[in-house]
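Descriptive analysis of the structure
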Amino acid sequence: MEGPGSPTLDKSGKIFVAGHRGLVGSAVVRKLQHLGFTNLILKTHSDLDLTRQNDVESFFSATKPQYVILAAAKVGGIHANNTYPADFIAINLQIQTNVIDSAYKNGVEKLIFLGSSCIYPKFAPQPILENALLTAPLEPTNEWYAIAKIAGIKMCQAYRIQFKFDAISAMPTNLYGPNDNFHPENSHVLPALMRRFHEAKVRGDKEVVVWGSGSPLREFLHVDDLADAVVFLLDKYSGLEHVNVGSGKEVTIKELAELVKEVVGFKGDLVWDSSKPDGTPRKLMDSSKLAQLGWTPKVSLHDGLVDTYKWYLENVKQ
Ligand SMILES: NC(=O)C1=CN([C@@H]2O[C@H](COP(=O)(O)OP(=O)(O)OC[C@H]3O[C@@H](n4cnc5c(N)ncnc54)[C@H](OP(=O)(O)O)[C@@H]3O)[C@@H](O)[C@H]2O)C=CC1
Ligand SMILES: C[C@H]1O[C@H](OP(=O)(O)OP(=O)(O)OC[C@H]2O[C@@H](n3cnc4c(=O)[nH]c(N)nc43)[C@H](O)[C@@H]2O)[C@@H](O)[C@@H](O)C1=O
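Residues numbered from 1 in each chain as written. Chains lettered and ligands numbered in written order. Predicted model: local features only at pLDDT ≥ 70, side-chain atom pairs only at ≥ 80, totals over all residues. Heavy atoms only, no water.

Turning to the layout of surface pockets, a few remarks are in order. Size it by volume and the second largest pocket reaches roughly 210 Å³. In terms of lining, the second largest pocket is formed by R218, F220, S247, K249, E250, V251, P297, K298, V299, S300 and L301. Those elements that place two or more of their residues in the lining of the second largest pocket are β8 (217-222) and β10 (250-252). Here the residues of the lining of the second largest pocket sort into 5 nonpolar, 2 polar and 4 charged. (1 Å grid on protein atoms, 1.4 Å probe; cavity = no way out; pocket = protein on both sides within 12 Å on 5 of 7 lines; lining within 4 Å. Points joined across faces, edges and corners; volume = space filled by probe spheres on them. Helix = DSSP H or I, 4+ residues; strand = E, 2+ residues; numbered from the N terminus. Nonpolar A, V, L, I, M, F, W, Y, C, P; charged D, E, K, R; others polar.)

See below:
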């Protein structure tokens, strides 16, 4: 699944993929390896804790990467964001500040920072254009994470303006795929439901509980598409403004739950737990800027779900 044209990036150049064992980082590594990049710098969280400024500075000064893909972050679904606000703001601010600053100081040629569609106002006009940023209040369940991500965008812009550092930002929509987090409470909706339906099918349960009202709309993108877009932007884009990365297709949570149920093969009923938050009612991004640059997604939600469930069966289930 490749974007148009082969990247002009130096395939033997050192690329530091921060967060390479996560959903996004692992997909980026697969993509880079497929394209023939040979010099990937990969450090686990225990090898290098990116919240520790001195360690990050020593790492950059010793390795001098040419490119940086910043996919390490404190990430989670609506419950995790709502329950651990201090972690979501502090860890993300620390990681991104350390990495962006050290990358600049150590001569990195290009850096891409990953934000999220939750940076936009809760009631932003839909589909959401890049210029909706900072025009109205955020969704309260994830404002701490969103504020950190907005600070990351602004830090890339500030370093570009003051130091001519080629740091860009991509704003992905809700992602899913291999190496997602399938934690029962702290994950995002899609992996949470896949696991819950699978376990209910195995146990022969009659019902599965789904959170909220089912009415919120979400836009989902397969992580292989996102990885393709990240490499595309690293290669082709050097602007001040962040770039939305979405599929352009949205479903209600009820429609998503029905789709996951079908793919997993669970035959029982859905029960809605209205004590759980819905979060933002709708967050469909306008990704026409990326389309005009020459990139469009390829993986349909149905095919992506089939692919992810196959991965889940082979890698996660007990
Ligand atoms: N998943 C999604 O739906 C979306 C994700 N994004 C963005 O994409 C990026 C990647 O997210 P995703 O892949 O889903 O997240 P994951 O949680 O799957 O991966 C995050 C990675 O970061 C690493 N990490 C976390 N803290 C540290 C640290 N202190 N030092 C070193 N490594 C650390 C984790 O390692 P370990 O597990 O060992 O801690 C993990 O490998 C994030 O910036 C996120 O905001 C944007 C929109 C949607
Ligand atoms: C990517 C994005 O992800 C987060 O925002 P979110 O889109 O609201 O995240 P979510 O995937 O957790 O929920 C989507 C919807 O789905 C409903 N829902 C039903 N049942 C389950 C369920 O079982 N688990 C979860 N998590 N949600 C469920 C849930 O109630 C909500 O209405 C941000 O915090 C932030 O991290 C961010 O940027």
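Glancing now at helix α5 (residues 143-163). Count 3.6 residues to each turn of an α-helix, and residues three or four apart come out pointing the same way. Here α5 spans 29 Å end to end across 21 residues, near enough to the 30 Å set by a 1.5 Å rise per residue. Within α5 the residues assigned to the buried category are Y145, A146, A148, K149, I150, G152, I153, M155, C156, Q157, Y159 and R160. Looking at the buried positions of α5, the neighbouring elements they touch are α3 (78-83), α4 (85-105), β4 (110-114) and β5 (167-172). K164 occupies a position one or two residues after α5 and carries a positive phi of about 60°. (Expected span 1.5 Å × (residues − 1). Buried < 20%, exposed > 50% of the residue type's maximum accessible area, 1.4 Å probe, protein only. Contact = heavy atoms within 4.5 Å.)

What follows is about the site of ligand 1. Around ligand 1 lies a shell of 25 residues, among which V24, H45, Y145, K149 and L175 are the nearest. Between ligand 1 and L23 there is a distance of 2.9 Å, counted from an oxygen atom to a backbone nitrogen or oxygen. Between a nitrogen atom of ligand 1 and a main-chain N or O atom of L50, the distance comes to 2.9 Å. Relative to its free-state accessible area of 890 Å², ligand 1 is covered by the protein chains to the extent of 83%. Residue assignment for the shell around ligand 1 shows that the elements contributing at least two residues are α1 (23-35), α5 and β6 (174-176). Tallied by class, residues from the shell around ligand 1 come to 13 nonpolar, 9 polar and 3 charged. (Near = heavy atom within 4 Å. Polar contact = N/O pair within 3.5 Å; in protein donor to acceptor, adjacent residues only side chain to side chain. Areas by Shrake-Rupley, 256 points an atom, 1.4 Å probe, with all protein chains shown as cover.)

Here we take up the site of ligand 2. The full set close to ligand 2 counts 22 residues, and S116, R196, R218, P277 and D278 are the nearest of them. S187 is positioned such that a nitrogen or oxygen atom in its backbone is 2.9 Å from a nitrogen atom of ligand 2. One nitrogen or oxygen atom from the main chain of P277 is found 2.7 Å from an oxygen atom belonging to ligand 2. It is helix α6 (residues 189-203) that contributes the most residues to the shell around ligand 2, 3 residues altogether. Looking at the shell around ligand 2, its residues break down into 10 nonpolar, 8 polar and 4 charged.

Looking now at the pattern of salt bridges. Inspection of every chain in the model, using the stated rule, returns 16 salt bridges. Residue R203 is joined to D205 by a salt bridge in which the shortest nitrogen-to-oxygen separation is 2.9 Å. As a salt-bridge pair, D235 and K236 come within 2.7 Å of each other at their nearest N and O atoms. (Salt bridge = Lys/Arg side-chain N within 4 Å of Asp/Glu carboxyl O.)

Attention now moves to the packing of α6 against helix α10 (residues 301-315). Two numbers describe how α6 lies on α10: the axes approach to 11 Å, and their chain directions differ by 60°. Put simply, α6 runs oblique to α10. The two elements α6 and α10 meet at a crossing, and its hand is right-handed. In contact with L190, M194, R195, H198, E199 and K201 of α6, α10 contributes L301, L305, T308, Y309, Y312 and L313. By residue class, the composition of the contact of α6 with α10 is 7 nonpolar, 2 polar and 3 charged. (Axes fitted to C-alpha atoms, helices over the stretch in contact; angles between N-to-C directions. Parallel < 35°, antiparallel > 145°, perpendicular 65-115°, else oblique. Left-handed = near helix turned anticlockwise from the far one by under 90°.)

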